[in-house]
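Working through the structure, step by step
These are the residues of each chain, in order.
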Amino acid sequence: MRDPKLREIDERAFLRRLHPMLEVYRAAMEPPDEQLPGRHTIMERHAAYPSFRAFVAERRGALPGLPGPVHGFAYGFRGARGQWWHDVVYQALIDLGGEAHAAAWMDDSFEVAELHVHPQAQGRGLGRALLTSLCEGRPERTVVLSTLDRRPETPARHLYRSVGMVDLLTDFEFPGGGPRYAVMGGTLPLAPYPPASSSP
């Protein structure tokens, strides 16, 4: 069976795929069912944010264990004052290191809002392909995102470290409660991933 095809999609194509993307989100994150309508609304709103960009990994026909053709997706946009996540993180970085520290990471940032691969499609490099495609050619100076802060570290956290991202906040709880997150950041373009032959 052929691997899923990675393609960039515009806002309208993104909105048409919201339901299958939410199924991937559900499988990857295992949120309480009552949170999914809110996540749908948030993703719908994000599609109107400045410099929105999205990629999807999909193929015709479903694989065993996958509910539909979407195997993974990622999207982001330019960070700006007035966006909830941006403002919360900006203030936390001010509290940690001062205004200049927060501005250095957040004033010219591309924010990766979501990046998920269905568990049945993981281990094929889809997450890396989605991340690098999403960030390629972006005009912003930095890229920032949040990811679950768990021990042992998740594969996603290892992926972000492998392209040069560092921890900006750890054991961070967003307003409203929920799991603890790490906020990570890196400079653009992303660092190239070392080939396997050069790994120790």
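For the structure given in this document, a descriptive report is provided here. (Residues numbered from 1 in each chain as written. Predicted model: local features only at pLDDT ≥ 70, side-chain atom pairs only at ≥ 80, totals over all residues. Heavy atoms only, no water.)

**Some points on the pairing of strand S2 (residues 53–58)**
For S2, a buried count of six out of six residues is recorded, marking the element as mostly surrounded by other parts of the structure. With burial as the criterion, each face of S2 is covered, one bearing Arg53, Phe55 and Ala57 and the other bearing Ala54, Val56 and Glu58. Direction of pairing for strand S1 (residues 5–9) relative to S2: antiparallel, over a ladder of five bridges. For Lys5, the partnering residue across the bridge sits in S2 and is Glu58. Bridge count between S2 and strand S3 (residues 70–78): six bridges; the pairing is antiparallel. For Ala57, the partnering residue across the bridge sits in S3 and is Gly72. (Buried < 20%, exposed > 50% of the residue type's maximum accessible area, 1.4 Å probe, protein only. Helix = DSSP H or I, 4+ residues; strand = E, 2+ residues; numbered from the N terminus. Pairing = 2+ DSSP bridges.)

**So, the sheet that holds strand S6 (residues 166–172)**
The sheet built from seven strands is open, its strands ordered S1-S2-S3-S4-S5-S7-S6 with mixed pairing. Sheet topology places S1 and S6 at the edges, where each strand pairs with a single neighbour. Across the sheet, the axes of successive neighbouring strands diverge by a mean angle of 20°, strand direction being ignored. Relative to strand S7 (residues 181–187), strand S5 (residues 142–148) is paired through seven bridges, and the arrangement is antiparallel. (Axes fitted to C-alpha atoms, helices over the stretch in contact; angles between N-to-C directions.)

**Focus: the packing of aromatic side chains**
One pass over the structure, following the stated rule, counts eight aromatic pairs. Arranged with centres 4.7 Å apart and planes meeting at 75°, the rings of Tyr49 and Phe77 form a pair that is edge-to-face. Pair noted here: Tyr49 is in the loop between helix H3 (36–46) and S2 and Phe77 is in strand S3, with a separation of 28 residues, a long-range link. Overall, the relative accessible area of 18% leaves Tyr49 in the buried class. With a relative accessible area of 3%, Phe77 lands in the buried category. Measuring from centroid to centroid gives 4.9 Å for Phe172 and Phe174, while their planes differ by 85°, and the two rings are edge-to-face. A residue is classified by how much of its surface remains accessible, and Phe172, at 16% relative accessible area, is buried. (Phe/Tyr/Trp six-rings, centres within 6.5 Å; stacked < 30°, edge-to-face > 60°.)

**Brief notes about helix H4 (residues 84–97)**
An α-helix turns once every 3.6 residues. As a result, residues three or four positions apart point the same way. With 14 residues, H4 extends 20 Å between its outermost C-alpha atoms, agreeing within 8% with the 20 Å of an ideal straight helix rising 1.5 Å per residue. Trp85, His86, Val88, Val89, Tyr90, Ala92 and Leu93 are the residues of H4 that are buried. Its buried side turned inward, H4 meets helix H5 (99–106), strand S4 (109–117), S5, S6 and S7. Within two residues after H4, Gly98 carries a phi angle of roughly 100°, on the positive side. (Expected span 1.5 Å × (residues − 1). Contact = heavy atoms within 4.5 Å.)

**Focus: unusual backbone geometry**
Backbone torsion omega between Arg151 and Pro152 reads -5°, so that peptide bond is classified as cis. Its place among the elements puts Pro152 in the loop between S5 and helix H7 (155–162). In this chain, Leu188 is followed by Pro189 through a cis amide linkage whose omega measures 0°. The phi dihedral of Ser51 is positive, around 55°, even though this residue is not glycine. With respect to the helices and strands, Ser51 occurs in the loop between H3 and S2. Even without a glycine there, the phi angle at Asp171 is positive, about 50°.

**Some points on the packing of H4 against H5**
Two elements in contact, H4 and H5, have axes whose closest approach is 7 Å; the angle formed by their N-to-C orientations is 140°. Our classification of the angle between H4 and H5 gives oblique. As for how H4 packs across H5, the hand of that crossing is right-handed. Taken together, the residues of H5 that come into contact with H4 (itself represented by Trp85, His86, Val89, Tyr90, Leu93, Ile94 and Gly97) are Glu99, His101, Ala102, Ala103, Trp105 and Met106. (Parallel < 35°, antiparallel > 145°, perpendicular 65-115°, else oblique. Left-handed = near helix turned anticlockwise from the far one by under 90°.)

Geometric descriptors of this kind do not, in isolation, establish any biological role.
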